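# Structure assessment
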Amino acid sequence: MPELPEVEALAAYLRERAVGHTVERLEVSSFSALKTYDPPPSAVAGLAVTGAGRHGKFLDLHLGADLHLVVHLARAGWLHYRDSFRSPAPLKPGSGPIALRVRLDDGSGFDLTEAGTQKSLAAYLVRDPAEVPGVSRLGPDALAVDRDGFAERLRSRRGQVKGVLTDQEVLAGIGNAYSDEILHAAKMSPFALTAKLTDEQITTLYEAMRQVETDAVARSVGQKAAELKGEKRAGMRVHARTGLPCPVCGDTVREVSFADKSLQYCPTCQTGGKPLADRRLSKLIR
Ligand SMILES: [Zn+2]
């Protein structure tokens, strides 16, 4: 799933490539992907792209003076920028992985695509981004909070630190992949309880979060939009590296699986050498 660094990079790419151009047409191929009907997609024709930004993991394309195309890419969604499109014909409904297409006046534009059969990419055409339910509920951005704000947000939720860090209402932008990386950098168990974290541990976690996220933003921004996805894996130390050696200590990276996702960690760096119970296995045994 694209997280803060990838979405920031997409916004930066759009600021460079799309801002200043005029929208020729917004085409909708997947009607379930567009969650709003007023204003209609035709309302953006002729509007200038005036900016591009981010709210947590939501991408926000500013159109004209007062419209926003807000997109949540979900797990398998992505934005593909095209210098030109093969056909001037509008997209056929329900065709392939393309959910939406934005055509600009110079012949370029972008497709919002979603791989797989589980479709959860969500786009909203709104006058105010706060009209998007997921945006209005967001906590402060992970890269905008200071150390004390971070401590206050983290302590506002009791639970395991992995779950609290990825709760978008606590902090916006951190997802499954970078939370694995942040906890590894902080040498902290994903199951540590937020209520029991000392001030020193909070400071360590905050610094790890800043470091991991700013490094990832720096790596991602400047890449071409099409190349961003591969870059995410390249910078990872534990996430999606089950069975591989930890680059810090050499121990084998382990995994804990849940129904629909998994987390990775290094036992030596994070849990005093002890493997965490695999929830999926414990459930079967019970
Ligand atoms: Zn390690």
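Residues numbered from 1 in each chain as written. Predicted model: local features only at pLDDT ≥ 70, side-chain atom pairs only at ≥ 80, totals over all residues. Heavy atoms only, no water.

## Some points on the packing of helix H1 (residues 4–17) against helix H6 (residues 199–220)
Interhelical geometry of H1 versus H6 gives an angle of 35° and a closest axis separation of 8 Å. Between H1 and H6 the crossing geometry is right-handed. Seen from H1, the contacting residues are Leu4, Pro5, Glu6, Glu8 and Ala9; seen from H6, they are Glu213, Ala216, Val217 and Ser220. A per-class count over the contact of H1 with H6 returns five nonpolar, one polar and three charged. (Axes fitted to C-alpha atoms, helices over the stretch in contact; angles between N-to-C directions. Helix = DSSP H or I, 4+ residues; strand = E, 2+ residues; numbered from the N terminus. Left-handed = near helix turned anticlockwise from the far one by under 90°. Contact = heavy atoms within 4.5 Å. Nonpolar A, V, L, I, M, F, W, Y, C, P; charged D, E, K, R; others polar.)

## Some details on the coordination of the zinc ion
Coordination of the zinc ion by the protein involves Cys246 (SG), Cys249 (SG), Cys266 (SG) and Cys269 (SG), with metal-donor separations of 2.2 to 2.3 Å. Taken together, the four donor atoms surrounding the zinc ion define angles of 96 to 115° at the centre, an arrangement classified as tetrahedral. Each donor residue of the zinc ion belongs to the same chain, with the gaps between them written as C-x2-C-x16-C-x2-C. You can see Cys249 sitting in the loop between helix H7 (228–234) and strand S9 (254–257) and its partner Cys269 sitting in helix H8 (residues 267–270), a full 20 residues away along the chain. (Donors = N, O, S within 2.8 Å, 3.2 Å for Na, K, Ca; no water. Tetrahedral: all angles 85-135°; square planar, octahedral: opposite > 155°, others 65-115°.)

## Focus on the pairing of strand S8 (residues 122–126)
Burial of S8 is extensive: five of the five residues sit out of reach of the surface. Of the two faces of S8, both are covered, the one formed by Ala122, Tyr124 and Val126 as well as the one formed by Ala123 and Leu125. Bridge count between strand S4 (residues 67–72) and S8: five bridges; the pairing is antiparallel. By the bridge assignment for S8, His72 is matched with Ala122. (Buried < 20%, exposed > 50% of the residue type's maximum accessible area, 1.4 Å probe, protein only. Pairing = 2+ DSSP bridges.)

## Some points on the nonpolar core
Counting 33 residues, the largest nonpolar core has Leu14, Leu61, Leu63, Leu69, Leu100, Phe110 and Leu112 as the members making the most contacts within it. Ignoring anything within four residues of it in the chain, the contact list for Leu14 reads Val19, Ala52, Leu59, Leu61, Leu79, Tyr81 and Phe110. Among the nonpolar cores identified, the runner-up in size contains 29 residues, and Phe150, Ile174, Ile182 and Val217 belong to it. (Core = buried A, V, L, I, M, F, W, Y, C linked by side-chain atoms within 4.5 Å.)

## Structural notes on the sheet that holds S4
Backbone-to-backbone hydrogen bonds join strands into a sheet, with any given pair of strands oriented parallel or antiparallel. Judged by pairing direction, the sheet is antiparallel, and its four strands sit side by side in the order S2-S3-S4-S8 without closing on themselves. Both edges of this open sheet fall to strand S2 (49–55) and S8, since each of them pairs with a single strand only. Averaged over neighbouring strand pairs, the angle between their axes works out to 15° when direction is ignored. Judged from the six bridges that link them, S2 and strand S3 (residues 58–63) form a sheet pairing that is antiparallel. Across the sheet, the residue bridging to Ala52 is Leu61, located in S3. The sheet contacts of H1 involve S2 and S3, and relative to S2 the element is tilted by about 175°.

None of the figures reported here should be taken as evidence of function without further support.
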